[in-house]
Amino acid sequence: MKYIPQLINLLAAGILLLSFAMISQRRIASLINIFALQGAALVAASVLLGYTSSNADLYVSAGLTLVLKVLLIPWLLYRVIHRLNVRWDVEPLINVPTLMIVGIGLVIFSFSLALPISRLSASIAGGSLGIALACVLLSFMMMITRSRAVPQVIGFLSMENGLIFAATAATGGMPMIVEFGIALDVLVGILILGVFMFQIREQFDSLDIHHLEKLKED
Amino acid sequence: MSALTNPSQWAHLDWLLAAVAAWLLVGTSGLFALRRLAFVARVLFPAGGAIALVVFGVALSAVFAPPEVATLPLGLPGLPFHLRLDGLSAFFLMVIAGASAGVSAFAAGYFRKGEGTPPGLLCMEYHVFLASMALVVLADDAYAFMVMWETMALSSFFLVIANHRIPEIRRAGYLYLLIAHIGAIGILLAFGVLQANTGDYTFANMRAQAHTPFWASVAFLLALFGFGAKAGLVPLHVWLPEAHPAAPSPVSALMSGVMLKTAVYGVLRVSFDLLHFQVWWWGVVLLALGLVTALFGVVFSAAQVDMKRLLAYSSIENIGLLFAGIGLAVLFSAYGMKPMAALALTAALYHVASHAFFKSLLFLGTGAVLHATGERSLGKLGGLIRYMPWVTWLTLFGALACAGLPPLGGFVSEWLLLQSFLFTPGLPSSFLNMLIPVVAALIALVAALSGYVMVKFFGVVFLGQPREEALAHAHDAGAWERLGMLWLVAGCVLLGLLPTQFIAVIDPVTRHLVGAGLGDTVAAAGWLLVPVAIERASYGPVIFLLGVAAGSAIAYLLVRALYHGRSRRSPAWDCGFPWQTARMQDTAEGFGQPIRQIFEPFFRMERELPLPSDSHPRYRVTIGDHFWHWIYLPIAAGVERLSKWIGLLQQGRIAVYLLYSFLTLVAVLLVVMR
Amino acid sequence: MSWLGFLSQLLAIVAALLLAPLMTGWVNQCRAWLQNKSAPPLLQPYRVLHKLFHKDSVLADNASQLFRAAPYIVFGCMVLASAIVPTLSTDLPLSPAADAIALVGLFALARVFISLAAMDVGTAFGSLGARREMFVGFLAEPALLMVFFCASLISKSTSLTTIVGTLAHRELAIYPSLAFAGVAFTMISLAENARIPVDNPATHLELTMIHEALILEYSGRHLALLEWAASLKLFAYSCIGLALFFPWGIAEAGAPIALLLAMPALVFKLAVGGAALAFLETISAKMRIFRVPEFLATAFMLAVIGLLVSILLGA
């Protein structure tokens with residue numbers, strides 16, 4: 001019982017570790033795997049938090065995350081990349097060591113922001129707020145610096161993971177209506193993005209987003 | 001006055017003043033023997049070295065003694081020179097004298113005829129340089145300080161342009177003098193702020209002032225600007241890689257090893273002694289500047305192809321580390337954490353001493369190589385271990401110390417600095433708590449990179465095969481040169497093996513500056529260096545050295561006893577390609593290429609790449625300094641433009657000049673009549 | 001210094017010297033099993049050392065005294081390293097002489113000497129190896145230092161014996177910062193010990209070598225000492241990893257029974273660690289040399305994140 005806060009801290013650290021791993025990964029297939037793993041860690045953390053705070057909502061949230069983020073969406077993404085035949089990614093727009101340094105800066109920024117708030121939090125996982133914020137910022141950075149569409153989508157999803165973790169850690173989950181709404185938005189968003197990707201591919205014969213710049217008025 | 005005639009009753013300060021006078025005497029005798037090389041080299045320089053040893057001994061004993069003051073009736077009427085010898089001055093005097101003793105001995109064998117300046121004149125400039133440095137750390141009022149600072153800058157300028165027939169050297173000297181004077185303006189303004197409108201420029205008066213935090217910060221920033229220009233902090237560093245290689249090697253050794261430390265002395269004096277309190281963001285500024293300087297210096301030194309420029313950039317790196325340590329001490333002191341401030345300050349002061357010794361040693365080694373081969377470029381050296389064994393083995397000590405490897409001196413200061421970083425989670429500000437581990441990581445990175453640079457330096461110059469056939473005629477260093485280098489090697493080794501004793505010497509200095517010292521905790525542990533408690537951290541360099549030596553020796557003896565020690569000679573492995581030449585080794589550019597590639601944004605690289613159709617393909621890379629193009633060239637262009645506008649005033653016609661005088665007269669009449 | 005302390009110190013050194021080649025042999029065996037090849041015998045490294053010691057040492061014509069002295073110095077450094085790392089017991093009289101930072105400095109000293117020796121003969125391969133070795137080292141060394149700092153922040157000390165003592169006595173607590181530090185440490189050991197994915201210890205192609213290129217010119221007893229030193233380095237790194245992350249089973253001061261039990265515990269832990277290393281080597285491919293800085297920079301950043309996490313979470 002007394003190991004549960006430490007386990008939650010460990011899972012939080014694992015989520016941060018996986019965010020960093022996503023930044024440095026080049027292969028899209030492993031990106032999807034890491035994303036699924038991050039979802040699984042989030043599920044485990046939600047279950048543990050729900051167990052200690054006896055909050056049934058967290059179990060539902062964990063189940064929702066499991067179905068969507070660990071099973072359905074990775075499967076959808078695999079199908080997409082098989083049909084688009086995308087295997088590799090080109091170099092990110094900025095090279096990996098610089099990304100790492102910027103990542104460290106974002107981590108320090110989030111941690112120093114979150115420290116006073118986490119001291120006020122009543123939840124036992126209050127210390128993880130900084131980690132969750134860092135995950136959100138890191139995924140955002142990943143979205144900005146990738147040059148293909150699929151990693152950008154994964155970055156968006158991972159940002160959503162971070163937000164749910166932040167809500168779970170600091171306040172014991174969001175109201176159920178909000179959770180369902182967000183889950184539905186994410187699912188629909190993925191479907192629309194999938195359609196977009198096919199359109200981009202048809203138009204430019206490649207998923208490199210640099211081509212989108214050709215749509216400028218010139 | 002009767003005390004002055006009885007040497008046994010002289011105080012430490014009297015001895016030091018006598019030594020300084022002796023230096024000046026040695027210098028002036030050089031003037032009377034302008035071209036008599038034998039006299040200058042064999043008598044005057046060794047005399048200077050002997051005087052340096054006396055200064056070293058006196059300063060060592062003065063560190064533990066209470067402060068002494070004296071007033072010299074020189075200077076202007078009503079503004080005599082005030083002098084003061086306290087722990088900080090005595091420590092820096094020890095460093096100055098210790099390093100210069102070895103350099104003077106080396107210089108006795110080094111200076112040759114026909115290099116522009118006559119030897120006697122060089123001797124005078126050299127000893128005036130030494131005397132002015134000693135008086136800078138003894139000065140107790142702003143006037144004496146500035147006079148001595150200027151003398152130091154001028155004498156070193158003349159020393160830098162000793163080979164004044166070469167235009168690049170003249171240009172380097174000019175740049176050096178320019179930036180030295182820009183810095184001097186900063187220092188003068190800082191003293192002006194510190195005397196707080198009382199009109200009394202003595203340091204004693206400045207200590208008695210109560211400054212508001214605003215004015216104290218202004219003074220601190222001005223002093224940082226001024227002393228940073230002399231120390232070579234980024235972005236005021238551009239003179240260092242030009243001036244240090246341009247000067248003759250003993251002068252480079254003195255400038256790198258000793259003169260840069262007077263700037264560190266200045267910063268310490270202003271921040272801890274003349275100002276009674278420190279503000280936390282001063283420490284952050286010092287840390288940030290120091291870190292940027294250190295990283296910049298080491299990355300550039302990895303990309304150099306000239307041995308002396310490599311060492312000059314390495315000096316910039318070490319100055320950055322020093323300022324980072326001082327910044328940490330200021331930060332701790334601002335929060336009242338005195339023992340930790342003492343630890344950081346001890347690390348910085350230890351590094352002052354060890355850098356003086358190993359950097360001087362390295363420059364002296366390059367001087368010997370330059371004399372023997374006439375080459376400064378790393379692409380034309382190599383394999384000198386066979387022809388110059390003394391220089392090689394002595395320089396190896398310097399290279400190992402510069403790389404910060406145990407058990408030599410460079411490692412102890414690095415160890416102490418890293419230990420002080422581990423204490424930082426006690427800081428009240430959580431943002432600083434998180435920033436500090438990143439800073440510690442970057443300092444560890446800088447230290448590892450300096451190891452890379454030293455392997456490049458030592459390996460390309462001394463090991464491998466000679467890259468030019470002329471190198472086979474290289475001769476080893478003479479007796480005086482060996483003596484000088486041996487003294488510095490002894491310094492590096494002792495600084496590494498006897499840290500407890502040396503920290504006992506630094507203890508009075510830190511007590512005076514931050515109010516705490518490591519002396520008691522360290523002295524209690526004997527042979528081990530224990531800054532706080534033995535369970536927390538300890539380091540025993542003697543046992544370390546004995547352990548490695550014992551391991552090696554036992555392996556050697558056992559192998560010889562159980563098996564055998566036979567060897568055969570044969571050509572080197574060539575993988576089936578029989579036409580191996582010396583040019584197939586790594587060049588200096590090649591060795592530095594990985595660092596150039598990783599840290600590309602730091603450099604301003606201009607590349608000339610050959611086309612596939614070139615019959616004589618050439619590949620050329622030039623490494624430039626961004627700061628030169630971002631800061632100095634725009635300022636120079638701006639100054640030129642301004643001068644052109646002002647030049648419009650010069651019409652050349654007498655009528656216009658008379659008009660100027662008329663207008664001025666009218667304006668003055670208007671003002672006066674109001 | 002009690003007789004028990006002296007005995008445990010001596011035992012640590014002798015155990016390291018004897019077990020290090022065995023560990024190398026075990027890793028080779030596991031790797032061969034995983035790759036469906038037939039393995040060399042477990043005691044093969046000992047036979048190789050014996051053979052090398054018997055042979056004459058063939059030196060290049062222009063090899064200097066530095067070249068001939070370097071193997072002994074490197075071996076001496078590795079012996080001291082194995083004496084300081086708490087493998088069997090934390091009661092090591094020599095350990096106050098060098099704490100974690102000095103241990104990193106010790107490895108750096110060995111690396112510098114072997115790089116200088118490689119540059120000594122002046123062939124293309126030697127300088128290639130020296131440049132690459134220093135290149136890997138300049139990123140691996142600060143990363144290792146940061147890993148030690150993670151452990152030091154938790155145990156409030158940089159002395160290895162104190163770190164092990166503190167970590168072994170905490171109740172089964174999971175430190176997230178140590179998780180980061182553990183991943184970083186695994187990546188660093190792979191790089192420093194010349195394992196796939198950074199370097200291939202079994203390669204014969206000079207252009208892909210890092211560690212092998214350094215010792216290309218050596219033969220006979222010098223090569224034997226360098227090979228032994230390399231296996232001692234792997235042993236020391238494995239023991240550091242075990243001491244930092246799995247410290248249970250190491251004897252305390254003044255406990256002779258625990259000292260006897262520590263040896264089988266160590267052998268068991270090393271066997272598991274060696275199998276894990278062979279597994280990691282089998283599932284990875286060797287990286288291009290230009291990707292190595294990214295690999296090590298990732299390890300470095302992970303270690304720094306571990307430090308930051310420990311400050312944030314207080315664990």
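All figures in this text were calculated on a predicted structure; none of them were measured in a lab. (Residues numbered from 1 in each chain as written. Chains lettered and ligands numbered in written order. Predicted model: local features only at pLDDT ≥ 70, side-chain atom pairs only at ≥ 80, totals over all residues.)

Explain the overall build of chain B to me, please; I cannot follow it from the model alone.
Looking only at helices and strands, one finds 24 helices and 5 strands in chain B. For chain B, the spread of C-alpha atoms along the three principal axes comes to 105 × 70 × 60 Å. Of the contacts made within chain B by residues no fewer than 6 positions apart, 78% connect residues no fewer than 24 positions apart. (Helix = DSSP H or I, 4+ residues; strand = E, 2+ residues; numbered from the N terminus. Contact = placed C-beta atoms within 7 Å.)

Could you clarify how one ought to interpret the overall build of chain A in this entry?
Looking only at helices and strands, chain A features 7 helices and 0 strands. For chain A, the succession of helices and strands along the chain, N to C, is α-α-α-α-α-α-α. A burial count over chain A gives 41% of its 218 residues as buried. (Buried ≥ 20, exposed ≤ 12 C-beta atoms within 10 Å, placed from the backbone.)

Whenever I open this one, helix α6 (residues 149-171) of chain A confuses me. Can you help?
Each α-helix turn comprises 3.6 residues. Residues three or four places apart therefore point the same way. With 23 residues, α6 of chain A extends 33 Å from end C-alpha to end C-alpha; this agrees with the ideal 33 Å at 1.5 Å per step. Within α6 of chain A, 17 of the 23 residues are buried, leaving the element largely enclosed by the surrounding structure. (Expected span 1.5 Å × (residues − 1).)

Would you take a moment to explain the nonpolar core for this structure?
The nonpolar side chains of soluble globular proteins are, as a tendency, buried together. If you look at the biggest cluster of nonpolar residues, it comprises 430 residues, and the most contacted ones within it are A143, M146, A184 and A303 of chain C. Residues contacting M146 of chain C, with those up to four places away along its chain left out, are A441 and A444 of chain B together with F300, A303, V304 and L307 of chain C. (Core = buried A, V, L, I, M, F, W, Y, C linked by C-beta atoms within 7 Å.)

Can you help me understand the interface of chain C and chain B in this one?
It is common to give the size of an interface as the accessible area that goes away when the parts come together. Taken together, the contact between chain C and chain B spans 68 residues of the former and 66 residues of the latter. Breaking the side of chain C that touches chain B down by element, the ones donating at least two residues are α2 (44-54), β1 (57-60), α3 (65-84), α4 (100-120), α5 (124-155), α9 (220-245) and α11 (292-313) of chain C. Ranked by residue count, the leading element in the side of chain C that touches chain B is α5 of chain C, at 15 residues. Grouping the amino acids of the side of chain C that touches chain B by side-chain chemistry returns 42 nonpolar, 16 polar and 10 charged. Note that strand β3 (residues 567-570) of chain B and β1 of chain C share 4 bridges and pair parallel. Residue pairing in the sheet places R568 of chain B in a bridge with V58 of chain C of β1 of chain C. (Nonpolar A, V, L, I, M, F, W, Y, C, P; charged D, E, K, R; others polar. Pairing = 2+ DSSP bridges.)

Help me understand unusual backbone geometry, please; the structure alone is not making it clear to me.
P407 of chain B follows P406 of chain B through a cis peptide bond whose omega is -5°. Relative to the assigned elements, P407 of chain B resides in the loop between α15 (389-402) and α16 (409-422). At N36 of chain C, a position not held by glycine, the phi torsion is positive, near 65°. With a phi close to 55°, K156 of chain C is a non-glycine residue in the positive phi region. Tracing the backbone shows K156 of chain C in the loop between α5 and α6 (160-169). According to the C-beta neighbour criterion, K156 of chain C is partly exposed, with 16 such atoms within 10 Å.

Before we go on, may I ask you to explain the pairing of strand β1 (residues 68-76) of chain B in this structure?
Regular strands place their side chains on alternate faces of the sheet. Residue and element names in this part refer to chain B. Relative to strand β2 (residues 79-85), β1 is paired through 6 bridges, and the arrangement is antiparallel. Paired with E68 across the strands is L85, a residue of β2. Linking β1 to β2, which pair antiparallel, is a turn of 2 residues; within it G78 sits at a positive phi near 85°.

I tried to follow the interface of chain A and chain B on my own but got confused; where do I start?
Taken residue by residue, the interface counts 5 residues in chain A and 5 residues in chain B. Of the residues belonging to the side of chain A that touches chain B, the class tally is 4 nonpolar, 1 polar and no charged.

Help me out: how do you make sense of the confidence of the model for chain B in this one?
A low pLDDT score tells you not to read the predicted coordinates there in detail. Looking at chain B, the pLDDT average stands at 88 and 98% of residues meet or exceed 70. Predicted complex, confidence summary: ipTM 0.93, pTM 0.90. (pLDDT = per-residue confidence, 0-100.)

What is the right way to look at the confidence of the model for chain A in this model?
On average, residues of chain A carry a pLDDT of 80, and 85% of them reach 70 or more. The lowest-confidence element of chain A is helix α7 (residues 176-204) of chain A, averaging 77 in pLDDT; the highest-confidence one is helix α2 (residues 28-53) of chain A, averaging 88.

Help me understand the packing of helix α17 (residues 430-462) of chain B against α5 of chain C, please; the structure alone is not making it clear to me.
When two helices pack together, their arrangement is captured by the angle between the axes and the distance separating the axes. Where α17 of chain B contacts α5 of chain C, the axes come no closer than 9 Å and their chain directions differ by 155°. Relative to α5 of chain C, α17 of chain B is oriented roughly antiparallel. The two elements α17 of chain B and α5 of chain C cross, and the hand of that crossing is right-handed. In this structure, α17 of chain B uses P437, A440, A441, A444, L445, A448, L449, G451, Y452, V455 and G459 of chain B to contact α5 of chain C, whose residues at the interface are A130, M134, G137, F138, E141, P142, L145, M146 and F149 of chain C. Class assignment of the residues belonging to the contact of α17 of chain B with α5 of chain C gives a composition of 16 nonpolar, 3 polar and 1 charged. (Axes fitted to C-alpha atoms, helices over the stretch in contact; angles between N-to-C directions. Parallel < 35°, antiparallel > 145°, perpendicular 65-115°, else oblique. Left-handed = near helix turned anticlockwise from the far one by under 90°.)

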